[in-house]
Amino acid sequence: MTQDARRPFGRVLTAMVTPMHPDGAVDCDGAARLAEYLVDEQGNDALVINGTTGESPTTSGVDKESVLRAVIEAVGDRAKIVAGVGTSSTYYTIELARQAEKAGAHGLLVVAPYYNKPPQAGLLAHFTAVADSTGLPVLLYDIPHRTGVAIATDTIVKLAEHDRIVGVKDAKGDLTATSWVLKRSDLAYYSGEDALTLPMLAAGGVGVVGTSTHLTGALTKKMIEAFDQGDHAGALQLHQQLLPLFTGIFRTQGTILVKAAMNARGLPGGPVRAPLVDATEAELAQLRIDCADSGLPLDMT
């Protein structure tokens, strides 16, 4: 398998926040501008739109389609656009998947159904039904600390037999489980935890679907490229440099701090929707420290 074939969505993807106006309405023009910044300045190969970082639990189907179409129009000719469509309902997930395909998305991110905790047979049936519903490639999203249920190794390996299930966004934090899947399948593994990107590359991963990459995208890509080129010392140096942001962006809920960062930089962000709350002054001050420690000052003046 060639390197490109191993990476259906490139090396660096950002789970993009959804910019909003002061009244809480989605800002489609802002979404387009933010997407351009992430692709043109932060070097993203692809963007995930309407994921959890994009506040998918509190945006409507109309919101999701509007933002997705705006981003595709802005950067879809030079980056792949992956639509987050996962919900607790197989029926509604399929509806969102078909909506995304019609809008022109290049792929789907499908999280394990959350809160209702289906058994593994239910997960297998859910992901298979969604993959069957469109012609788009699918990334499974395994994040048990959010969903309440992990996608078991045997389940992932079985799902890998589906022609359109091409990879995993892995936020399980279990590199042993990841390694067993990689040994038994050809799935493309993207780290769903920014700080585990380099360790996952060593285990056979191909890249990251990041949150801190709103700020660290260009250097994260440089880190992955250094690893690919055998410059492991250089990759390690960048990993250690970026650790304060890889982890600091999650000092509170990631969306909150990313939007605070975008606002501080004069980029589209806006407020978060309830039940999230905007960053406090203390949280913003700590974010400035984390950015400075990573060599990426927050205030670009």
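Residues numbered from 1 in each chain as written. Predicted model: local features only at pLDDT ≥ 70, side-chain atom pairs only at ≥ 80, totals over all residues. Heavy atoms only, no water.

As named in an unreviewed UniProt entry, the chain is 4-hydroxy-tetrahydrodipicolinate synthase, taken from Rhizocola hellebori. Recorded under Sequence similarities (unreviewed entry), the UniProt text for the chain is reproduced unchanged: "Belongs to the DapA family." (UniProt positions renumbered as here; feature names shortened; annotations may be inferred.)

(A) Looking closely at the overall build of the chain. Helices and strands together make up the secondary structure of the chain, namely 13 helices and eight strands. Radius of gyration (C-alpha) of the chain: 18 Å, near the 19 Å computed for a compact globule of 301 residues. The principal-axis extents of the C-alpha atoms in the chain amount to approximately 50 × 45 × 35 Å. For the chain, buried positions account for 56% of its 301 residues. Expressed as a percentage of contacts within the chain between residues at least 6 apart in sequence, the contacts between residues at least 24 apart total 69%. A total accessible area of about 12200 Å² is found for the chain, and carbon and sulfur atoms account for 53% of it. (Helix = DSSP H or I, 4+ residues; strand = E, 2+ residues; numbered from the N terminus. Rg over C-alpha atoms; globule rule 2.2 N^0.38 Å. Buried < 20%, exposed > 50% of the residue type's maximum accessible area, 1.4 Å probe, protein only. Contact = heavy atoms within 4.5 Å. Areas by Shrake-Rupley, 256 points an atom, 1.4 Å probe, with all protein chains shown as cover.)

(B) Broad picture of the side chain of Thr59. Topologically, Thr59 is positioned in the loop between strand 2 (46-49) and helix 3 (61-75). By relative accessible area, Thr59 is classed as buried at 8%. Once residues lying within four places of it in the same chain are set aside, the contact partners of Thr59 are Met20, Gly54, Lys64 and Arg273.

(C) Quick look at the UniProt feature "site: Part of a proton relay during catalysis" (unreviewed entry) in the chain. As annotated in UniProt, the feature "site: Part of a proton relay during catalysis" (unreviewed entry) corresponds to Thr52 and Tyr115 in the numbering used here. Spatial clustering of the annotated residues is evident: they stretch over 64 residues in sequence, but the largest pairwise C-alpha distance comes to 14.3 Å. Residues that both appear in the annotated list above and line the largest pocket are Thr52. Examined against the element boundaries, Thr52 turns out to sit in the loop between strand 2 and helix 3. When its relative accessible area of 29% is taken as the criterion, Thr52 is described as partly exposed. Excluding residues that lie within four positions of it along the chain, Thr52 makes contacts with Arg146 and Thr255. Turning to its location among the elements, Tyr115 is positioned in the loop between strand 4 (107-111) and helix 5 (120-133). A relative accessible area of 75% means that Tyr115 is categorised as exposed. (1 Å grid on protein atoms, 1.4 Å probe; cavity = no way out; pocket = protein on both sides within 12 Å on 5 of 7 lines; lining within 4 Å.)

(D) Structural context of the nonpolar core. Counting residues in hydrophobic clusters, the biggest one holds 74 residues, and the most contacted among them are Met16, Leu47, Leu68, Val71, Leu108 and Leu140. In terms of residue count, helix 2 (residues 28-40) provides more of this core than any other element does, seven residues in total. Discounting chain neighbours no more than four positions away, the residues touching Leu108 are Val82, Ala83, Val85, Ala97, Ala100, Thr134, Leu136, Pro137, Val138 and Leu139. Val111, Tyr141, Val206 and Val209 belong to the second-largest nonpolar core, a separate cluster that totals 16 residues. (Core = buried A, V, L, I, M, F, W, Y, C linked by side-chain atoms within 4.5 Å.)

(E) Molecular detail of the UniProt feature "binding site: pyruvate" (unreviewed entry) in the chain. UniProt feature "binding site: pyruvate" (unreviewed entry): in the numbering of this structure it lies at Thr53 and Val209. Spanning 157 residues, the named residues nonetheless gather at one spot, since no C-alpha pair among them exceeds 10.9 Å. Annotated residues from the preceding list that form part of the lining of the largest pocket: these are Thr53 and Val209. Along the chain, the position of Thr53 falls in the loop between strand 2 and helix 3. Take Val209: it is sitting in strand 8 (residues 207-210). The class for Val209 is buried, based on a relative accessible area of 1%. The residues contacting Val209, other than those within four sequence positions of it, are Leu13, Ala15, Val48, Lys169, Tyr190, Ser191, Gly192 and Asp194.

(F) Structural view of empty space enclosed by the protein. On inspection of all chains with the given rule, the structure shows two cavities of 30 Å³ or more. Considered as a void within the structure, the largest cavity measures approximately 50 Å³ in volume. Around the largest cavity, the lining residues are Asn50, Lys64, Leu68, Ala83, Gly84, Val85, Leu96, Gln99 and Ala100. Within the residue set of the lining of the largest cavity, elements represented by two or more residues are helix 3, strand 3 (80-84) and helix 4 (90-103). (Points joined across faces, edges and corners; volume = space filled by probe spheres on them.)

(G) Structural context of unusual backbone geometry. Residue Pro275 follows Ala274 across a cis peptide bond; omega there is 20°. Take Pro275: it is sitting in the loop between helix 12 (254-264) and helix 13 (281-293). Of note, Asn50 is a non-glycine position whose phi angle comes to about 70°, a positive value. Tracing the backbone shows Asn50 in the loop between strand 2 and helix 3. Even without being a glycine, Glu55 presents a positive backbone phi close to 60°. For Glu55, the position within the fold is in the loop between strand 2 and helix 3.

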